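Next come the chains, spelled out residue by residue.
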Amino acid sequence: MIGENYEALLRAHRARYPLMQAQDCVKLLYQSEFGPMHLGENKEMLMNSIAEEWKTVPKTALPVEPERIGGGLCRFPLRPEVFGPEAARLLAGLMQQTMLHRQGNPERLRERMEQLSATEPELQHWLSETVWDYASPVRHSARFRAAYQPHYRLLRREYAGYFSVLLRIAQQMQKKRPLLIAIDGCCGSGKTQLAALLQALFPCWVFHTDHYYLPIARRATDWQQRPAGNMDLERLWTEVIQPAQSDITVYQRIFDCAAQQLGQAQAVVPAPLSIVEGSYSLHPMLADAYDMRIFLTCSEQEQKTRLQAREGAYFEMFERVWIPMEKRYYAECAPLSYHPMVVDTSSFFCESFDSLCI
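All residue numbers refer to positions counted from 1 along the written sequence of the respective chain. This being a predicted model, a pLDDT of at least 70 is required before a residue's local features are given, and a value of 80 or more before pairs of side-chain atoms are given or counted; all residues contribute to the totals for chains, interfaces and linings. Side-chain metrics rest on all non-hydrogen atoms present in the structure, leaving aside hydrogens and water.

Focus: the overall build of the protein
Looking only at helices and strands, the protein features 12 helices and 12 strands. Along the three orthogonal principal directions, the C-alpha set of the protein runs to about 75 × 45 × 35 Å. Across the 358 residues in the protein, those meeting the buried criterion constitute 51%. If you take every contact in the protein between residues at least 6 apart in sequence, the share linking residues at least 24 apart comes to 78%. Only the protein chains shown count as cover for residues, and all accessible areas are computed by the Shrake-Rupley method using a 1.4 Å probe. About 16,800 Å² of surface is accessible on the protein, with carbon and sulfur atoms providing 51% of the total. Positive charges come from Lys and Arg alone, negative charges from Asp and Glu alone, with His and the N- and C-terminal ends not counted. Charge placement uses NZ in Lys and CZ in Arg. For Asp and Glu, CG and CD serve respectively. Put simply, the protein has 38 plus and 41 minus side-chain charges, and the middle of one group is 4 Å from the middle of the other. Numbering of helices and strands runs from the N terminus; a helix is a DSSP stretch of H or I covering at least four residues, while a strand is a stretch of E covering at least two. Note on exposure labels: buried denotes an accessible area under 20% of the residue type's maximum, exposed denotes more than 50%, and partly exposed covers the range between, all computed with a 1.4 Å probe on protein chains only. Whether two residues are in contact is decided by their heavy atoms, any of which lying within 4.5 Å being enough.

Brief notes about the packing of aromatic side chains
The rule is short: rings of Phe, Tyr and Trp, with Trp giving its six-membered ring, pair when the centres are within 6.5 Å, and they are stacked under 30 degrees, edge-to-face over 60, tilted in between. Scanning the model with the defined rule gives 15 aromatic pairs in all. Relative to F163, the ring of F76 lies with its centre 4.6 Å away and its plane at 45°, an arrangement referred to as tilted. Of this pair, F76 sits in strand β2 (residues 73-77) while F163 sits in helix α8 (residues 157-175), and the two are 87 residues apart along the sequence. We note that F76, like F163, is buried. Considering the side-chain rings of W132 and Y134, the 4.7 Å spacing of their centres and the 35° angle between planes classify their relative orientation as tilted. When sorted by exposure, W132 lands in the same class as Y134, which is buried.

With respect to the pattern of salt bridges
Salt bridge criterion: a side-chain nitrogen from Lys or Arg within 4 Å of a carboxyl oxygen from Asp or Glu. Per the counting criterion, the structure on display carries 21 salt bridges. The partner of E33 in a salt bridge is R112, with the nearest N and O atoms 3.4 Å apart. Of this pair, E33 sits in helix α2 (residues 22-34) while R112 sits in helix α5 (residues 106-117); the two residues are 79 residues apart in sequence, bridging distant segments of the chain. Comparing E33 with R112, the two get one shared label, buried. For E158, the salt bridge identified is with R156, shortest N-O distance 2.6 Å. You can call E158 buried: its relative accessible area is 3%. Salt bridges sharing partners connect three or more residues here, namely R218, D232, R235, E239 and R253.

Focus on α2
Every helix has an expected span of 1.5 Å times one less than the residues it contains. For α2, built from 13 residues, the straight-helix expectation of 18 Å at 1.5 Å per residue is met to within 8% by its first-to-last C-alpha distance of 18 Å. The buried count for α2 comes to 12 of 13 residues, which makes it a mostly enclosed element. Every buried residue belonging to α2 is among A22, D24, C25, V26, K27, L28, L29, Y30, Q31, S32, E33 and F34, and all of these are buried. In the stretch just after α2, G35 is the one whose phi turns positive, near 60°.

Thoughts on the pairing of β2
Along any regular strand the residues' side chains alternate between the sheet's two faces. For β2, a buried count of 5 out of 5 residues is recorded, marking the element as mostly surrounded by other parts of the structure. Where strand β1 (residues 67-70) and β2 come together, 3 bridges link them in antiparallel fashion. By the bridge assignment, G70 is partnered in β2 with L73. Whether two strands pair depends on DSSP finding at least two bridges between them. What sits between the antiparallel neighbours β1 and β2 is a turn of 2 residues, in which G71 has the positive phi angle 65°. Direction of pairing for β2 relative to strand β3 (residues 152-156): antiparallel, over a ladder of 5 bridges. By the bridge assignment, C74 is partnered in β3 with L155.

Some remarks on the packing of helix α4 (residues 85-100) against helix α9 (residues 191-201)
In this analysis, axes come from line fits to C-alpha atoms, helices being fitted only over the stretch in contact, and the angle between any two N-to-C directions falls in the range 0 to 180 degrees. Taken N-terminus to C-terminus, the directions of α4 and α9 make an angle of 110°; their axes are 10 Å apart at the nearest point. When the interaxial angle is binned, α4 and α9 end up roughly perpendicular. Seen along the crossing, α4 lies across α9 with a hand that is right-handed. Where α4 approaches α9, its residues L90, G93, L94 and Q97 are matched on the opposing element by L197, A200 and L201. Of the residues contributing to the contact of α4 with α9, the split by class is 5 nonpolar, 2 polar and no charged. In what follows, roughly perpendicular refers to angles from 65 to 115 degrees, roughly parallel to angles under 35, roughly antiparallel to angles over 145, and oblique to any angle outside these ranges. Left-handed describes a crossing whose near helix is turned anticlockwise from the far helix through less than a right angle; right-handed describes the clockwise counterpart. Polar here means any residue outside two lists: the nonpolar Ala, Val, Leu, Ile, Met, Phe, Trp, Tyr, Cys and Pro, and the charged Asp, Glu, Lys and Arg; Gly therefore counts as polar.

Quick notes on unusual backbone geometry
The omega torsion across L62 and P63 is 0°, close enough to zero to call that bond cis. With respect to the helices, strands and loops of the structure, P63 is situated in the loop between α3 (43-54) and β1. Residue R177 is joined to P178 through a cis peptide bond whose omega torsion reads 0°. Its place among the elements puts P178 in the loop between α8 and β4 (179-185). For Q149, which is not a glycine, the phi torsion comes out positive at approximately 45°. You can see Q149 is positioned in the loop between α7 (142-148) and β3. For Q149, a relative accessible area of 32% corresponds to the partly exposed category. The backbone phi angle of A228 is positive, close to 65°, even though this residue is not glycine. Position of A228 relative to the elements: it lies in the loop between β5 (204-208) and α10 (233-245). Overall, the relative accessible area of 8% leaves A228 in the buried class.

As structure tokens, then:
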């Protein structure tokens, strides 16, 4: 399975880069295993290196779009049109996050290389002629560098997919504080994951709409037929959105679904960025309050695959109740009419190499 997958990866890259040498194949496989770990984790050094290289990138440099390299990673291009101090700082932060989630294994890479070299004579020859410990980084060949002028950094694929949204947030934080944003979207599209990434990158608080359910006793008898019929949006507005807008302390009470009661108030001191994450965060009752709006989506098949893996036996409840309610909310409340930044995450976590772009 490993061999088949990475054989497809090599075929796809060779089709894109006909002058690719065996050394470049080895580099690709090394990168898919170790990511950017060899560059070190010092953010200041990463940022300075990115900034200096970015200044010199020619318009003919490749890749043009983020391209898959296996292992959930991609090569993220240093495109001249997006260069700037905020972009360099953000990219350095995303590289750090990529390293935190990456544990390269030389033995695993050795096994992969041995499997591939059985059908790749050039790769077999390079390995036999080169002293290499499977843990040291490999440079692109001179031929590859001359032909394609590669300028990129390695990131997790979803980080590259979110880059334009993240950069917009970073830029807005320089102009306005506090900044209040919403992350809405379909179940399984990655809302909570994106909020967690923002929390790792920026000084911020995340408030989850899942903590603002209505007690069952207070719901209308036909609540499943009403958009947000299970939500206490008034409490979300008064407890979180109004004080966050005013840069004052939020006293958050989390609803305990099992006990059907509110928890004790938790003081949340003001932060430069506050995020309201979850379904219905762009409900008309709330949508005008935000400085930025984000909406995540994915294909129905990808949504089903993710929710089945995440929820197990509870997936039936999503299929019967939560997804139909979600669709009713989109139809009746039109969250996209508030012009959010829309990100389709369908391809973020699958490993098909039919297309190299994320």
